[in-house]
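# A closer look at the structure
The primary structure of each chain is shown beneath.
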2 protein chains.
Amino acid sequence: MATINDVAERAGVSVTTVSRVLNNRGYISEKMRQRVYRAMEELNYQPNEIARSLLRKQSNLIGLIIPNVAHPFFGEFASSVEYYAYQNGCKLLLCNSQLDPVKERDYIEMMRRHRVDGIIMGSHTLEVEEYRNLNYPIVTLDRKIDDLPYVASDNERGGELAAQLLISKGCRKIAHICGNLKLEMLSNRRTIGFERVARQHNVEFMTIQTNMDVFDQQEYDRIISRLMAEFPDIDGVFATSDIIAAFVIKWCRKFGKQVPGQIRIVGYDDVNAATWINPGITTIRQPIREMGRLAVELIRRQMDGETIEKEHLLPVELVERETT
Amino acid sequence: MATINDVAERAGVSVTTVSRVLNNRGYISEKMRQRVYRAMEELNYQPNEIARSLLRKQSNLIGLIIPNVAHPFFGEFASSVEYYAYQNGCKLLLCNSQLDPVKERDYIEMMRRHRVDGIIMGSHTLEVEEYRNLNYPIVTLDRKIDDLPYVASDNERGGELAAQLLISKGCRKIAHICGNLKLEMLSNRRTIGFERVARQHNVEFMTIQTNMDVFDQQEYDRIISRLMAEFPDIDGVFATSDIIAAFVIKWCRKFGKQVPGQIRIVGYDDVNAATWINPGITTIRQPIREMGRLAVELIRRQMDGETIEKEHLLPVELVERETT
DNA sequence: ATTGACATGTCAAACGTTTGACATATATAA
DNA sequence: TTATATATGTCAAACGTTTGACATGTCAAT
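Below or above, wherever it landed, is the structure these notes cover. It should be emphasised that the depicted structure is a prediction, and the values quoted were computed from it without experimental measurement. (Residues numbered from 1 in each chain as written. Chains lettered and ligands numbered in written order. Predicted model: local features only at pLDDT ≥ 70, side-chain atom pairs only at ≥ 80, totals over all residues. Heavy atoms only, no water.)

In the region of DNA strand D, 26 residues are neighbours, and A:Ile4, A:Tyr45, B:Thr17, B:Ser29 and B:Lys57 sit closest. Expressed as a percentage, the sugar and phosphate content of the atoms of DNA strand D within 4 Å of the protein is 64%. Taking A:Ser19, its side chain carries an N or O atom lying 3.2 Å from a phosphate oxygen of DNA strand D. A:Arg52 places a side-chain nitrogen or oxygen 2.8 Å from a phosphate oxygen of DNA strand D. Looking at the surface near DNA strand D, the elements with two or more residues in it are α2 (15–23) and α4 (49–56) of chain A together with α2 (15–23) and α4 (49–56) of chain B. Examining the composition of the surface near DNA strand D, we find that four residues originate from one element, α2(A), more than from any other. Here the surface near DNA strand D is built from residues that sort into twelve nonpolar, ten polar and four charged. (Near = heavy atom within 4 Å. Polar contact = N/O pair within 3.5 Å; in protein donor to acceptor, adjacent residues only side chain to side chain. Helix = DSSP H or I, 4+ residues; strand = E, 2+ residues; numbered from the N terminus. Nonpolar A, V, L, I, M, F, W, Y, C, P; charged D, E, K, R; others polar.)

Here it is as structure tokens:
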């Protein structure tokens with residue numbers, strides 16, 4: 001592949017001149033500019049970004065670690081991050097941790113070796129200690145670690161909205177399916193909001209924990225089928241993701257329960273799938289696009305040395321469809 | 001961030017020695033090895049992969065260009081590519097072209113500038129000419145461009161299987177919803193296979209083109225609702241993706257048509273969503289995981305200078321669920 | 001005639017690493 | 001004793017680019 005020297009030679013000028021053209025600095029006549037551009041084209045030259053990065057000490061790479069892009073929520077989040085990274089002249093390094101601490105640690109090291117400009121952490125399987133010592137521009141998704149900046153939706157409010165809707169529709173016995181509450185994720189606050197409102201209204205409820213992030217379909221099937229079998233009289237479900245909600249719908253169908261006639265369901269996230277699942281899922285909308293945008297912005301501002309606020313709670317919104 | 005010089009200084013040895021430890025070459029005593037490792041740990045040292053890349057002329061980066069990771073098929077494909085890239089000691093650079101030729105061209109240039117080791121192209125909006133001149137390790141997904149290597153599922157066979165199933169279930173008037181046939185995608189062969197079998201059995205059919213890749217939900221709604229309104233007597237649908245199939249189900253519901261009672265539906269891909277949509281979608285399974293694995297392997301083998309076969313057609317499989 | 005903006009050139013250091021050539025020393029085996 | 005394997009060191013080039021210091025022009029305006 002052609003180098004800047006080849007271009008200089010071909011254009012019959014010095015490398016300095018080529019560099020000046022490339023970086024728009026110093027005086028360059030229009031003729032010269034054209035001459036250099038022509039040479040670059042003839043050689044199909046692309047400046048070596050690796051050499052540039054080495055010198056600039058900036059890679060223009062943003063690292064994203066998530067459990068798995070194949071999960072709709074993370075897929076849409078990654079899509080947004082990628083979009084805004086591009087807008088900021090950055091490229092996206094994608095890592096699926098599979099929620100495996102070994103892999104996650106390994107990925108973080110890789111990213112440091114590659115000198116990515118910042119890391120967006122949507123997977124958090126390590127000890128707080130390890131993140132603390134990272135000393136790197138970081139943004140966390142849905143998790144509060146010391147005073148690392150994070151972006152999250154207003155989970156507690158989301159839980160409240162879900163509970164309020166179900167109760168207002170007349171539900172008297174509601175199952176809430178959430179993630180593993182032992183992991184210190186902010187999404188646990190959905191449970192707090194939900195339970196508070198349920199208690200306020202004296203509505204019976206039960207909270208069922210899954211390892212939701214793993215996105216293990218069999219696990220979902222197991223948990224939900226057991227739930228339906230053991231408690232045939234529940235008339236409402238608040239699931240912590242739209243995908244779980246979809247599984248609930250599926251099992252309602254198998255158990256011959258009408259949705260929303262006999263049982264009402266509220267999901268969370270408002271991923272695209274929520275609209276094309278049948279029936280359309282009533283859900284708590286997280287502003288996924290905006291969360292991605294903000295995450296990138298926060299990385300960028302840290303790179304620029306700005307001091308940034310740590311808390312970034314984005315508003316949620318109830319989107320009513322056909323399951324309530 | 002610490003450099004190899006800092007490590008050498010701290011360990012009281014020469015950089016050459018540190019480098020030898022790092023790369024396992026030459027003679028190194030166990031004591032020395034430990035001493036160097038300790039210094040690296042104390043300094044929280046990570047070798048600068050950028051400097052290494054510059055020297056080695058190898059970035060250990062694989063570029064992936066797809067329309068959008070948020071689309072389930074591409075999300076699952078990306079997930080697989082990421083997994084196998086990691087297995088091969090590579091990192092994944094993710095780009096969503098949004099099927100925008102300008103963006104796609106820009107991304108390809110970016111990747112060349114970053115000297116990625118190879119590019120997996122799942123988006124092809126440019127003229128053949130541009131790909132031809134790329135002169136780079138490339139693998140194409142579902143598209144044949146000159147003699148660039150490609151991986152694809154056995155689309156024609158998939159179309160046949162779908163048609164055979166629908167017909168064997170008694171369908172007499174089948175709608176086939178496919179992508180834009182003008183784009184020279186291998187997925188068009190699904191249409192060929194489907195139409196041939198339909199003709200053989202003298203079954204009436206109609207082929208409806210969409211710009212499927214765009215994943216525009218409104219477009220889907222528009223096309224499918226019109227289809228259902230104009231041809232209320234169709235009793236079978238072969239959709240070129242599971243997502244489109246989901247939209248068909250949705251509109252069947254709105255039109256009060258029973259699935260599979262009055263109308264049978266077959267999708268394509270077998271993305272995860274196919275199992276959790278209601279009813280579960282009967283579909284033609286592409287081995288997505290394997291396609292990702294193969295794509296990475298083909299990049300790696302090109303890097304190693306091997307000559308590789310160009311055609312990689314992977315078998316499809318009928319997965320029957322509840323829509324037929 | 002002088003000044004200053006414009007245009008290009010030469011040269012070399014720097015970014016962090018690897019690698020080869022070569023030197024030197026110790027310990028062990030033949 | 002000699003040869004050989006082991007262990008470490010010094011030195012410098014190379015990867016491709018940017019950048020600053022400095023030199024040397026031309027040309028037009030004062």
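Next comes the rest of the description.
This part is about the packing of aromatic side chains. Residue and element names in this part refer to chain A. Across all of its chains, the model carries 19 aromatic pairs over all chains by this definition. Residues Phe238 and Tyr268 carry aromatic rings whose centres are separated by 6.5 Å and whose planes lie at 45° to one another, so their mutual orientation is tilted. Taken together, the positions of Phe238 in strand β8 (residues 236–239) and Tyr268 in strand β9 (residues 264–269) put the pair 30 residues apart, joining distant regions of the chain. Across this residue pair, the class does not change: Phe238 and Tyr268 are buried. Joined through ring pairs, the aromatic side chains of Phe194, Phe205, Phe238 and Tyr268 make up one cluster. (Phe/Tyr/Trp six-rings, centres within 6.5 Å; stacked < 30°, edge-to-face > 60°. Buried < 20%, exposed > 50% of the residue type's maximum accessible area, 1.4 Å probe, protein only.)

Our focus in this paragraph is unusual backbone geometry. With an omega of 5°, the peptide bond running from A:Val259 to A:Pro260 counts as cis. Mapped onto the fold, A:Pro260 is located in the loop between α11 (242–254) and β9. Positive phi values are uncommon outside glycine, yet B:Leu99 reaches one of about 55°. Inspection of the secondary structure assignment puts B:Leu99 in the loop between β2 (91–96) and α6 (101–113). The phi dihedral of B:Asp142 is positive, around 65°, even though this residue is not glycine.

Turning our attention to the interface of chain B and chain A. Listed by partner, the interface residues are 58 residues for chain B and 58 residues for chain A. Both sides of the chain B and chain A interface together cover about 5700 Å² of buried area, and 57% of this is carbon and sulfur. There are four salt bridges connecting chain B and chain A. Residues B:Arg253 and A:Glu322 are paired through a salt bridge, measuring 3.7 Å at the closest nitrogen-oxygen approach. The tally of links between chain B and chain A comes to 22 residue pairs in polar contact (both at pLDDT 80 or more). Those elements that provide at least two residues to the side of chain B that touches chain A are α4, α5 (72–87), β2, α6, α11 (242–254) and α12 (273–276) of chain B. Looking at the side of chain B that touches chain A element by element, the count peaks at eight residues for α5(B). (Contact = heavy atoms within 4.5 Å. Buried area = accessible area lost by both parts, 1.4 Å probe. Salt bridge = Lys/Arg side-chain N within 4 Å of Asp/Glu carboxyl O.)

Time to look at the pairing of strand β3 (residues 118–121) of chain B. Residue and element names in this part refer to chain B. Across the two faces of β3 the burial is the same, with Gly118 and Ile120 and Ile119 and Met121 all buried. Summarising the sheet, strand β1 (residues 61–66) and β3 pair through four bridges and their orientation is parallel. Residue Gly63 lies in a different strand from β3, and its bridge partner there is Ile119. Sheet topology note: the β3/strand β4 (residues 138–141) ladder contains three bridges and is parallel. Residue pairing across strands places Met121 opposite Thr140, the latter belonging to β4. (Pairing = 2+ DSSP bridges.)

Taken together, 26 residues sit near DNA strand C, with A:Thr17, A:Lys57, B:Ile4, B:Tyr45 and B:Leu55 positioned nearest. Sugar plus phosphate, as a fraction of atoms of DNA strand C within 4 Å of the protein: 63%. Contacts to DNA strand C include A:Ser29, whose backbone N or O atom sits 2.7 Å from a phosphate oxygen. One of the side-chain N or O atoms of B:Asn23 is found 3.2 Å from a phosphate oxygen in DNA strand C. Of the residues forming the surface near DNA strand C, the biggest block, four residues, is contributed by α2(B). Tallied by class, residues from the surface near DNA strand C come to twelve nonpolar, ten polar and four charged.

Our focus in this paragraph is the pattern of salt bridges. Pairs can form between side chains of opposite charge whenever their charged atoms are close. Residues and elements named next belong to chain A. What the rule picks out here adds up to 56 salt bridges over all chains. A salt bridge links Glu42 to Arg10; its shortest N-O distance comes to 2.7 Å. A residue pair is termed long-range when its members are at least 10 positions apart, and Glu42 in helix α3 (residues 30–43) and Arg10 in helix α1 (residues 4–11) qualify at 32 residues. Judged by relative accessible area, which is 49%, Arg10 ranks as partly exposed.

Without other data, these values stay purely geometric and don't point to any function.
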